[in-house]
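Chain by chain, the residues:
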Amino acid sequence: MAPPLGDIAHIGHAQLFTPDLDASVAFFTDFLGLTVNGQDGETVCLRTYDDYEHHSLVLTARDRPGLGRLALRTSSQEALNRRVKAVEEAGGSGHWVEDEPGLGKLYVTTDPDGHEHALYWESEHYRAPDELKPALKNQPQAKPNRGVGVRRLDHVNFLAADVLANAEFQEQVLGARSTEQVRLDNGTIAARWLTFTHKSYDVVYTSDWTGSTGRLHHIAFATDGREDILRAADLAIDSGVFIETGPHKHAIQQTFFLYVYEPGGNRIELCNPLTRLVLAPDWPLVTWTEAERAKGQAWGLKTIESFHTHGTPPVG
């Protein structure tokens with residue numbers, strides 16, 4: 001039986017590894033418009049302007065790019081205790097750390113694929129310094145006057161050797177609910193989108209055709225509107241940021257998007273999903289067939305080759 005929904009309040013932040021820390025910091029500040037909010041050696045904390053917490057992103061210097069941890073804030077201390085108990089009752093394990101500024105203790109565990117998840121409750125609300133104070137008191141920080149000016153971290157898309165096992169971990173252990181999925185003709189679930197909130201999705205699992213575990217497809221930042229996505233494409237061209245594909249609109253989840261790469265080698269999505277919410281408490285899981293998915297990822301665009309070639313559908 002699935003646990004009660006609502007124990008995970010939202011995605012708190014993500015940690016990315018980068019082999020070029022300075023260039024990655026420049027990308028996130030100059031191009032995306034994030035603000036540095038602390039550095040400890042080879043780890044830099046950054047925040048989007050509409051985040052109420054200390055940071056939205058942690059960049060850590062490593063030899064190779066990839067995802068460190070995904071941090072999820074719970075809705076209360078009791079909710080955190082329930083999720084820790086659920087992890088342990090499901091046969092999982094974890095440990096407590098207190099190693100991030102602005103946060104209390106984090107319970108660190110992993111999904112079946114090895115992606116690190118950190119659950120926490122205690123969090124200090126951000127107080128902007130004078131130079132970043134907003135004119136509107138219901139906004140934590142003034143809007144940036146540079147780059148795209150993304151509003152918040154929106155979602156994380158994991159690559160996984162077994163999509164279904166990882167999706168069931170999110171549902172049965174963390175309390176997410178599935179909203180859409182891709183089922184291949186052989187019955188394999190090749191991708192699934194899940195949410196903790198009224199957003200249509202917070203996390204995604206996509207089949208890794210290499211058979212590897214623990215890898216990242218992308219992290220995504222939300223913009224105010226579609227025009228910001230178009231402006232981001234212009235800024236990318238002008239500043240030498242590599243555009244992989246877009247702007248386009250995904251069929252699954254209907255997100256208007258742009259895929260770019262930051263200098264450290266991580267794929268970053270800029271997206272505008274703000275108008276699509278899942279409000280129905282009995283929302284049915286939308287299943288896309290292999291034939292339907294083969295029609296294209298976005299308005300008929302085939303950005304990744306067929307299932308039979310690579311064993312994975314295009315990501316949405």
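Described below are features of the structure shown in this document.

Calculation notes
Residues numbered from 1 in each chain as written. Predicted model: local features only at pLDDT ≥ 70, side-chain atom pairs only at ≥ 80, totals over all residues. Heavy atoms only, no water. Helix = DSSP H or I, 4+ residues; strand = E, 2+ residues; numbered from the N terminus. Buried < 20%, exposed > 50% of the residue type's maximum accessible area, 1.4 Å probe, protein only. Phe/Tyr/Trp six-rings, centres within 6.5 Å; stacked < 30°, edge-to-face > 60°. Lys NZ or Arg CZ within 6 Å of the ring centre and 35° of its normal.

Below, the discussion takes up unusual backbone geometry. For the bond running from glycine 246 to proline 247, omega is 0°, close enough to zero to count as cis. For proline 247, the position within the fold is in strand E14 (residues 242–249). Residues other than glycine seldom take positive phi values, yet glutamine 253 does so here, at roughly 70°. Turning to its location among the elements, glutamine 253 is positioned in the loop between E14 and strand E15 (256–261). Positive phi, normally seen in glycine, also occurs at glutamine 254, with a value near 65°. Inspection of the secondary structure puts glutamine 254 in the loop between E14 and E15. Glutamine 254 gets classed as partly exposed once you look at its relative accessible area, which sits at 43%.

If you walk through the whole model with that rule in mind, you get seven aromatic pairs. Here phenylalanine 158 and tyrosine 205 contribute two aromatic rings whose centre-to-centre distance is 5.0 Å and whose plane-to-plane angle is 25°, an arrangement assigned as stacked. Pair noted here: phenylalanine 158 is in strand E9 (residues 152–160) and tyrosine 205 is in strand E12 (residues 203–207), with a separation of 47 residues, a long-range link. We classify tyrosine 205 as buried; its relative accessible area is 0%. Taken together, the aromatic side chains of Phe27, Phe28, Phe31 and Phe221 make up a single cluster linked through ring pairs. The side chain of arginine 47 reaches across the aromatic face of tyrosine 126, ending 3.6 Å from its centre. The ring of tyrosine 259 has arginine 267 lying over it, and the distance from NZ or CZ to the ring centre is 6.0 Å.

Remember that the coordinates give geometry; whether it matters functionally is a separate question.
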